Amino acid sequence: MDVVRELPHLTFYRGRVAMYAILKALGVGKGDQVLTQAFTCLAVPEGIMATGASPVFVDTEEGGVNMCPTDLASKLGPQVKAVILQHTFGIPAQIVSIKEALAGSRLPLVEDCCHTFASTYVNQLVGTFGVGAFYSFEWGKPIIAGLGGSAVLNDRDLRQRVESIWHTTSEPPFVSVLKVQLMYAAFNRLYSPSSFWKTRRRFRALSKSGVAEGNYHATEGVSEEFGYRMSAPLRKRLRAKLVEAGQLVERAREIVAKYESAPLSQRLKRPLVPEGAVPVYARWPLFAEDKERLLAIAEESNVEIADWYTTPIHPLSAADWKQVGYEPGSCPRAESLSAQIVSLPVNQKVNQSDIDRAMELLRDL
Ligand SMILES: *Cc1c(COP(=O)(O)O)cnc(C)c1O
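Residues numbered from 1 in each chain as written. Predicted model: local features only at pLDDT ≥ 70, side-chain atom pairs only at ≥ 80, totals over all residues. Heavy atoms only, no water.

**Some points on helix α8 (residues 196-209)**
Stated formally: Elements are defined by DSSP. Helices are runs of H or I of four residues or more, strands are runs of E of two residues or more, and each kind is numbered from the N terminus. To estimate the expected span of a helix, count its residues, drop one, and scale the result by 1.5 Å. For each residue, the accessible area found with a 1.4 Å probe, counting protein chains only, is set against the maximum for its type, and the residue is called buried under 20%, exposed over 50%, and partly exposed in between. The arc refers to the directions leading from the helix axis to the C-beta atoms. We call two residues contacting when some pair of their heavy atoms lies within 4.5 Å.
With 14 residues, α8 should cover 20 Å at 1.5 Å per step; its first-to-last C-alpha distance of 20 Å lies within 8% of that length. All of the buried residues in α8 are Phe196, Trp197 and Thr199. One face of α8 carries all of its buried residues, which in axial projection span an arc of 155°. Next to the buried residues of α8 lie α7 (174-190) and α11 (291-301).

Have a look at this one:
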């Protein structure tokens with residue numbers, strides 16, 4: 001399937017809204033459970049909970065950033081109605097083992113492709129392994145339209161049901177579209193790897209003041225955004241960006257090839273990439289022995305190194321995990337992963353000097 005050609009069709013207000021529509025179309029609702037990995041962002045449990053179902057968290061794999069097939073098998077039960085499989089940072093999950101763990105249960109697999117539309121696993125594109133997949137086009141994702149998401153379905157009946165749900169959505173309010181457009185323009189002007197820390201400080205101040213559209217909401221009650229589609233101007237931008245999708249992938253590969261060929265300090269480790277997986281990265285992740293220290297050095301040296309996910313349910317701190325039903329200690333690998341993970345940018349604004357400065361820092365750490 002040509003996923004890129006499919007992306008502009010079933011678009012929703014956000015990636016989580018596209019996921020919500022897929023789950024609704026699968027009949028997921030109150031009293032049901034949806035399995036998803038810990039070491040994810042709040043958007044995922046938020047979208048699951050919007051259907052009335054509860055998220056149940058599966059731990060991450062040994063040495064990697066994706067779902068552990070063994071832990072998945074241990075969490076299956078009669079209330080489980082679907083599984084969300086995330087390809088974190090663009091690294092494909094162990095899809096074959098995951099499918100083996102699900103064999104016999106007939107549970108639908110929905111792929112979270114928010115970090116990649118182009119990675120492959122045993123020569124097959126991610127997003128084509130399950131009944132459907134969802135994508136996101138906000139800041140930090142491989143294709144940036146400002147805000148928005150898309151559902152791609154591999155099953156004709158399911159696609160028709162998601163289409164019916166799409167027809168019940170409406171254009172978002174003008175003020176929200178305007179905010180997104182202003183944010184997009186500001187980010188486009190202000191962001192580059194060398195202005196990352198400064199832009200981040202400014203953006204946080206704006207978010208706090210309510211001028212900028214924040215990323216997450218209180219998880220009580222279903223937010224109105226689950227009834228919105230992607231706005232017409234953002235859809236238009238998405239279509240324009242998709243024309244360059246091939247170049248985006250090429251550039252991402254070039255940047256990562258440079259990161260991968262540079263020497264690394266002993267204090268850093270690269271995450272597992274399963275055999276047969278060819279990732280196209282959204283960001284290039286590393287495990288750091290002392291994450292706090294590395295981030296402090298990066299900020300001081302003005303090198304873009306990001307900290308997410310900072311918790312198993314980013315950005316929720318431990319006190320708020322119960323909001324989404326995450327039991328402290330239930331996914332120990334995901335918890336220690338959050339304490340070690342850092343990542344480098346892989347986007348159109350990264351230039352050779354950014355790469356050189358980052359790799360010098362990571363070598364001499
Ligand atoms: C960004 C993201 C989402 C949801 O994206 P929104 O468009 O913000 O709803 C879901 N899953 C993952 C892994 C993401 O990175």
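**A closer look at the packing of aromatic side chains**
Cut-off, in case you're wondering: Two rings from Phe, Tyr or Trp (for Trp, the six-membered ring) form a pair when their centres are within 6.5 Å of each other. A pair whose planes differ by under 30 degrees is stacked, one over 60 is edge-to-face, and the rest are tilted. The rule is short: NZ of Lys or CZ of Arg within 6 Å of the ring centre and within 35 degrees of the ring normal puts a charge over the ring.
According to the stated counting rule, one finds 13 aromatic pairs in the structure shown. Centroid distance Phe89 to Trp308: 5.3 Å. Interplanar angle 25°. Geometry classified as stacked. In this pair, Phe89 sits in the loop between β5 (80-86) and α5 (95-102) while Trp308 sits in the loop between α11 and β14 (313-314), placing the two residues 219 residues apart along the sequence. Geometrically, the ring pair formed by Tyr259 and Trp284 is stacked, given 5.3 Å between the ring centres and 25° between the ring planes. Remark: Trp284 occurs in strand β13 (residues 283-288) and Tyr259 occurs in helix α10 (residues 245-261); sequence separation between them is 25 residues. Like Tyr259, the residue Trp284 is buried in the burial classification. Among the aromatic side chains, those forming a connected cluster through ring pairs are Phe39, Phe89, Trp308 and Tyr309. Looking at Arg229, its charged tip hangs above the ring of Trp166, at a distance of 3.8 Å from the centre. Here the basic side chain of Arg237 rests over the ring of Tyr184, its NZ or CZ set 3.6 Å away from the ring centre.

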